[in-house]
Amino acid sequence: MLKFATISLLALTAATPALAETTDSDRDDIVVTASGIEQPRDEVGQAITIIDADTIEKRQTVDIADLLATTPGVRFSRNGSTGSVAGISLRGAETTQTLVLIDGVKVNDPSGIGDGYDFGHLLTGNIDRIEVLRGSNSVVHGSQAIGGVVSLMTATPAEGFGANALAEYGYSDTLTAKADVSGTAGVISGGIGGAYFRTDGISSAAVGTEKDGYKNFAGNARLKVAFSDTLSLDLRGYYINADLDYDSFFGAPADSADVAKLDQYVGYAGLNLGLFDGRFTSRAAVTWMRNDRDYYFVRGTAPDYGYSGTNVRFEYQGVVTPVERAKLIFGYEHERPDYDFFGFGSTDSQKANIDSVYALGIVQPLTGLSLSGGVRHDDHSQFGGATTFGANANYSPNAGATNVRLSYGEGFKAPSLYQLYDRGGSGNPALRPERSKSYDIGIDQSLADGRALISLTAFLRDTDDQINYDNRSFTYGNIDRTRAKGIEATLALKPVDALNVTASYSYIDARDRSGRPAFDGKRLPRRAAHAVSLSADYDWSFGLSTGATLTLVGDSFDDAANAVPLDGYALAGIRASFPVGGHFEIYGRVDNLFDADYATAFNYGTYGRAAYGGVRARF
């Protein structure tokens with residue numbers, strides 16, 4: 001059954017493989033997630049979506065999960081109010097099989113049960129660009145890139161000087177404010193920004209009446225020093241502090257006084273060196289991520305339990321360009337994840353070491369044809385080695401009007417430290433890594449001098465040795481096998497300069513193939529088979545900009561046995577903005593326009609009709 005509902009104005013323009021809304025920007029034709037270096041889109045055989053800064057601003061979306069929700073192949077769920085646990089599934093994979101990067105730093109949490117990333121605390125305030133790669137790609141990104149990669153980037157410093165600010169207020173006493181400044185002076189460029197969000201929220205429990213409030217502060221900074229034309233230092237930092245009231249998840253969600261607090265630290269320090277007129281470039285970097293999570297049964301007391309996950313990585317990447325039409329990318333990485341736990345009268349601390357080497361070649365043997373292929377080997381201190389392969393091709397017979405894409409990728413996911421070593425009895429040191437094989441074929445067709453773009457992609461992924469809790473042994477085991485297959489279709493139209501229309505459809509058939517009678521053949525939970533999005537934006541001649549988005553998501557199930565159904569829903573929203581002078585803009589939106597009822601997770605609440613308005617400033 002399809003229930004009609006609404007949600008915030010989501011970035012549907014991001015739903016196409018080449019369709020960030022501002023197509024005149026050179027950045028929209030360059031991607032990084034496919035090979036780990038900047039690469040023209042027409043050299044890439046994998047399905048990648050770009051969400052650019054103009055799209056993020058125009059959609060007025062606060063939550064990254066909402067922004068990603070209309071991207072083809074993406075399914076998401078959230079456990080209630082803003083700030084609650086939110087997961088992103090790519091092409092039917094587990095949410096823990098999505099690799100997440102912030103400014104190039106891996107931020108998946110080593111202290112989580114499956115090393116997943118909680119999108120609940122990730123808001124759009126500091127984010128300038130998002131790339132979503134769909135399909136396995138462990139050759140470049142290592143562990144966890146089974147479903148794909150979500151890479152988020154803050155803004156690069158402005159030429160000269162630039163500053164932006166925003167303030168917004170709306171439903172449930174929700175306040176959003178952000179500001180950033182950046183600039184370049186000689187050999188030094190840098191920027192700093194901060195974003196604050198607070199809301200009284202809604203009850204995370206669907207049956208609850210007590211609102212669950214949320215506060216979030218995010219800060220970011222960048223500094224680049226170009227010592228010469230060939231040598232530079234690159235420093236980046238990102239920080240999130242969050243405070244969430246939530247409803248107890250021990251049993252069915254119900255009103256409670258529980259509180260969760262988060263501090264997330266992300267750091268990057270790298271040196272870039274170019275030699276032989278740029279034919280050999282090197283990047284050496286140290287990255288650091290720390291996630292501290294404390295949980296309280298009652299606010300104002302000492303934390304009752306908590307987790308701390310840290311990941312320190314050393315990365316070296318070399319790129320050799322012997323001739324114009326060929327590149328060899330190679331690298332070494334050392335990674336040391338660790339986690340600490342306290343609570344319920346006990347403590348625990350575990351760590352692992354992973355050493356990785358990889359090589360990837362990119363060649364253009366013929367005009368319009370780009371071929372890529374690579375191999376990676378990871379050596380884990382617990383389970384040993386894992387080798388993965390990948391290859392893709394992109395061919396255009398007519399200078400980019402038509403692009404045919406082919407891709408094969410392998411993925412693996414190392415068992416999490418919790419799954420390996422949990423002292424509560426569920427840990428299993430004998431676990432093997434999860435493994436996947438992913439296949440893509442697609443075509444992108446540009447028509448009417450670029451005013452129309454049609455894209456079709458078919459995919460298949462098999463995942464073996466998937467880790468799950470075994471109710472027979474009461475430990476984690478490699479007991480699951482899954483298969484996901486489907487299609488992604490997008491259409492972007494710009495019939496006149498003032499009008500942008502984007503539509504997308506994705507079908508995902510993600511099923512259990514474990515052979516266990518209770519689950520075999522069943523749909524994987526919270527992964528609807530069908531999703532459709534339609535968005536339109538119009539810029540009026542007197543400066544007003546208006547837009548609307550409609551999103552439809554089909555039925556799904558909340559559990560692996562397919563005993564708890566989640567009804568499908570339709571979401572819609574409207575928005576507008578208007579410039580005031582040369583530096584200011586007022587804007588507003590209405591989410592959940594028809595005040596409908598829906599759920600992305602069973603027994604958890606969602607927002608009703610909500611209106612917001614604000615002002616932006618640029619200098």
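One can find the structure itself at the top, above this paragraph.
Source: prediction; values computed, not measured.

Novice: What am I meant to see in the side chain of Arg293 here?
Specialist: Along the polypeptide, Arg293 turns up in strand β17 (residues 280–296). Here Arg293 falls in the buried class, since its relative accessible area comes to 16%. Side-chain polar atoms of Arg293 contact the side chain of Asp109, separated by 3.2 Å. Excluding residues that lie within four positions of it along the chain, Arg293 makes contacts with Asp109, Ser111, Gly112, Lys261, Leu262, Tyr305, Gly306 and Tyr307.

Novice: Is there a simple way to explain the pairing of strand β4 (residues 47–51) in this structure?
Specialist: Regular strands place their side chains on alternate faces of the sheet. Counting buried positions over the five residues of β4 gives five, a clear majority of the element. On β4, burial covers both faces: Ala47, Thr49 and Ile51 on one face and Ile48 and Ile50 on the other are all buried. When β4 meets strand β9 (residues 129–134), the two strands line up antiparallel, connected through five bridges. Looking at β9, one finds that Ala47 is bridged to Arg134.

Novice: How should I be thinking about a nonpolar patch on the surface in this particular structure?
Specialist: Together, Tyr395, Val404, Ile443, Leu447, Ile454, Leu456, Leu491 and Leu493 give the surface a local cluster of nonpolar side chains, amounting to about 600 Å² of exposed area. Sorting the residues of the nonpolar patch by element identifies β25 (434–447), β26 (452–470) and β27 (475–493) as the ones contributing at least two each. Within the element layout of this structure, Leu456 appears in strand β26. Exposure remark for Leu456: the relative accessible area of 48% places this residue in the partly exposed category.

Novice: Can you walk me through unusual backbone geometry in this structure?
Specialist: Trans is the common state for peptide bonds, and a negative phi is the common state for residues other than glycine. We note that Arg91 has phi near 55°; this positive angle belongs to a residue other than glycine. Checked against the element boundaries, Arg91 lands in the loop between β6 (86–90) and β7 (98–102). Of note, Ala448 is a non-glycine position whose phi angle comes to about 55°, a positive value. If you trace the backbone, Ala448 turns up in the loop between β25 and β26. A relative accessible area of 56% means that Ala448 is categorised as exposed.

Novice: It is not clear to me how the nonpolar core should be interpreted in this structure. Could you clarify?
Specialist: Nonpolar side chains tend to gather and get buried jointly when the protein is soluble and globular. Judged by nonpolar contacts, the single largest core of 57 residues is most densely connected at Ile64, Leu68, Phe119, Leu122, Ile130 and Leu152. Once residues lying within four places of it in the same chain are set aside, the contact partners of Leu68 are Ile51, Val74, Ile88, Phe119, Ile130, Val132 and Val150. Listed in part, the ten residues of the second largest apolar core include Val31, Ala34, Ile50 and Ala145.

Novice: It is not clear to me how the environment of Ser256 should be interpreted in this structure. Could you clarify?
Specialist: With respect to the helices and strands, Ser256 occurs in the loop between β15 (231–245) and β16 (259–275). Owing to a relative accessible area of 17%, Ser256 belongs among the buried residues under this scheme. Spatially, the C-alpha atom of Ser256 lies 41 Å from that of Arg461, the residues being 205 residues apart in sequence. Ser256 has contacts with Glu210, Tyr246, Asp247 and Ser248, leaving out every residue within four places of it along the chain.

Novice: For this particular structure, what's the right way to read the packing of aromatic side chains?
Specialist: Each pair of aromatic rings is reported with the distance of its centres and the angle of its planes. As enumerated under the stated definition, the model contains 21 aromatic pairs in all. Relative to Tyr305, the ring of Phe297 has its centre 6.1 Å away and its plane inclined at 50°; by these criteria the two rings are tilted. Consider the rings of Tyr316 and Phe330, whose centres lie 6.2 Å apart with planes at 50°: the pair is tilted. With a gap of 14 residues between them, Tyr316 in strand β18 (residues 305–323) and Phe330 in strand β19 (residues 326–343) connect regions that are remote in the sequence. In this structure Tyr316 comes out as partly exposed when scored by relative accessible area, which is 23%.

Novice: Even after reading the chapter, I still don't get the side chain of Thr98, so can you show me in this structure?
Specialist: Structurally, the position occupied by Thr98 is in strand β7. Its relative accessible area of 1% is what places Thr98 among the buried residues. Among all residues touching Thr98, those that are not within four sequence positions of it are Ile88, Ser89, Leu90, Asn108, Gln144, Gly148 and Val150.

Novice: Help me understand the pattern of salt bridges in this model?
Specialist: When the charged atoms of two side chains with opposite charge come close together, those side chains can pair. Tallying each qualifying case throughout the model produces 42 salt bridges. Close ionic contact of Arg91 with Asp440 constitutes a salt bridge, the shortest N to O distance being 2.8 Å. In this pair, Arg91 sits in the loop between β6 and β7 while Asp440 sits in strand β25, placing the two residues 349 residues apart along the sequence. Asp440 gets classed as buried once you look at its relative accessible area, which sits at 7%. Of the charged contacts, one joins Arg134 and Glu488 as a salt bridge, the two residues approaching to 3.2 Å between their closest N and O atoms. Here the residue Arg134 occupies a position in strand β9, and Glu488 occupies one in strand β27, the gap between them amounting to 354 residues. By the burial criterion, Arg134 is buried, and Glu488 matches it. Look at the salt bridges and you will find they share partners, linking Lys106, Arg283, Arg313, Glu315, Glu333, Glu335, Arg376 and Asp378 into a network.

What counts, and where the lines are drawn
Residues numbered from 1 in each chain as written. Predicted model: local features only at pLDDT ≥ 70, side-chain atom pairs only at ≥ 80, totals over all residues. Heavy atoms only, no water. Helix = DSSP H or I, 4+ residues; strand = E, 2+ residues; numbered from the N terminus. Buried < 20%, exposed > 50% of the residue type's maximum accessible area, 1.4 Å probe, protein only. Polar contact = N/O pair within 3.5 Å; in protein donor to acceptor, adjacent residues only side chain to side chain. Contact = heavy atoms within 4.5 Å. Pairing = 2+ DSSP bridges. Patch = residues over 30% accessible without salt bridge, like charges linked within 9 Å, V, L, I, M, F, W, Y side chains within 5 Å. Areas by Shrake-Rupley, 256 points an atom, 1.4 Å probe, with all protein chains shown as cover. Salt bridge = Lys/Arg side-chain N within 4 Å of Asp/Glu carboxyl O. Core = buried A, V, L, I, M, F, W, Y, C linked by side-chain atoms within 4.5 Å. Phe/Tyr/Trp six-rings, centres within 6.5 Å; stacked < 30°, edge-to-face > 60°.

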